[in-house]
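Given next are the chains, with one letter for each unit.
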Amino acid sequence: MITLSIQQLVLQTNEEILTLLALQIASYRVEAELIGFDDIPPLKDGIQSIREAKETFYGFFVDDHEGRSLAGAISFEREGCIVTICRMMVHPNFFRRGIASSLLQHIMKEQELAGAARFIVSTGTENLPAIRLYEGHGFIVKRVFTVPPGVSLTTFERPATGH
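In this numbering scheme, every chain counts its residues from 1 along its sequence in written order. Only residues with pLDDT of at least 70 get local features here, since the model is predicted, and only at 80 or more are side-chain atom pairs given and counted; chain-wide, interface and lining totals rely on the full set of residues. No hydrogens and no water enter the side-chain calculation; it runs on all heavy atoms of the structure.

S.K.: How would you summarise the environment of Ile-131 if you had to cite specific residues and measurements?
M.R.: Helix and strand definitions follow DSSP, with helices as H or I runs of at least four residues and strands as E runs of at least two, each counted in order from the N terminus. By the element assignment, Ile-131 lies in helix α4 (residues 128-136). For Ile-131, a relative accessible area of 12% translates into the label buried. Linking Ile-131 and Thr-154, residues 23 residues apart in sequence, is a C-alpha distance of 8.7 Å. In what follows, residue pairs with any heavy atoms lying within 4.5 Å of each other are defined as contacts. Discounting chain neighbours no more than four positions away, the residues touching Ile-131 are Thr-123, Gly-124, Thr-125 and Phe-156. Buried residues are those whose accessible area, probed at 1.4 Å on protein chains only, stays under 20% of the maximum for their type, while exposed residues exceed 50% and partly exposed ones sit between those limits.

S.K.: I'd like to hear about the pairing of strand β2 (residues 56-64), residue by residue, with values.
M.R.: Pairing between strands requires that DSSP locate at least two bridges from one strand to the other. Both β2 and strand β3 (residues 67-79) contribute to a ladder of 9 bridges, which runs antiparallel. Within β3, the position partnered with Gly-59 by the bridge is Ala-73.

S.K.: Any chance you could break down the state of the cysteines for me, citing the residues and the numbers?
M.R.: The disulfide criterion used throughout: a pair of cysteine sulfur atoms within 2.5 Å. The full count for this structure, using the stated rule, is 0 disulfides. The thiol of Cys-81 is not disulfide-bonded; the next cysteine sulfur, from Cys-86, is found 16 Å away. Among the residues examined, Cys-81 registers a relative accessible area of 36% and is labelled partly exposed. What makes Cys-86 partly exposed here is its relative accessible area of 32%.

S.K.: Which residues make up the pattern of salt bridges, and what values do they have?
M.R.: Oppositely charged side chains can form a pair if their charged atoms are brought close together. Counted as salt bridges are all cases of a side-chain nitrogen of Lys or Arg within 4 Å of a carboxyl oxygen of Asp or Glu. Scanning the entire structure with this criterion turns up 5 salt bridges. Arg-87 is paired through a salt bridge with Asp-45; the nearest N and O atoms lie 2.6 Å apart. With a gap of 42 residues between them, Arg-87 in strand β4 (residues 82-90) and Asp-45 in the loop between α1 (14-35) and α2 (47-52) connect regions that are remote in the sequence. Judged by its relative accessible area of 18%, Asp-45 falls in the buried class. A salt bridge links Glu-157 to Arg-118; its shortest N-O distance comes to 3.6 Å. Highlighted residues: Glu-157 in strand β7 (residues 151-159) and Arg-118 in strand β5 (residues 118-124), separated in sequence by 39 residues.

This is the structure we're talking about:
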């Protein structure tokens, strides 16, 4: 039997951080290939940068006969009533199973209940799976911009339900 759960990540021990980093590197390597740029910031993180991050992290766990695995994670920052999704990651072994969608829905619902009015997220313009995910959850393109050395990013926004 497989059970699934979403819970906030504490990230206090090096082991907890390394588990997240392994997931992050596996996930963002795929994005780097999709956008044709392998120098993206999430691939440069280490224990210290994760430990110092101001983001709140949630993980999507899968429990099966092999034990418990961190299959996906999301992080966000909140400033006033604006929530910015900072990281969205799913291990390639768990792609196309609704994990990113579940994480996004969980955070949006939780933050709306806490008074959030708007959600913002950015991704590589060539990252079509991420774009489909965000557009499928009501996000609309707000701007497209280029960062050196010529990589295009797209920022999406979405009002909270009822705003």
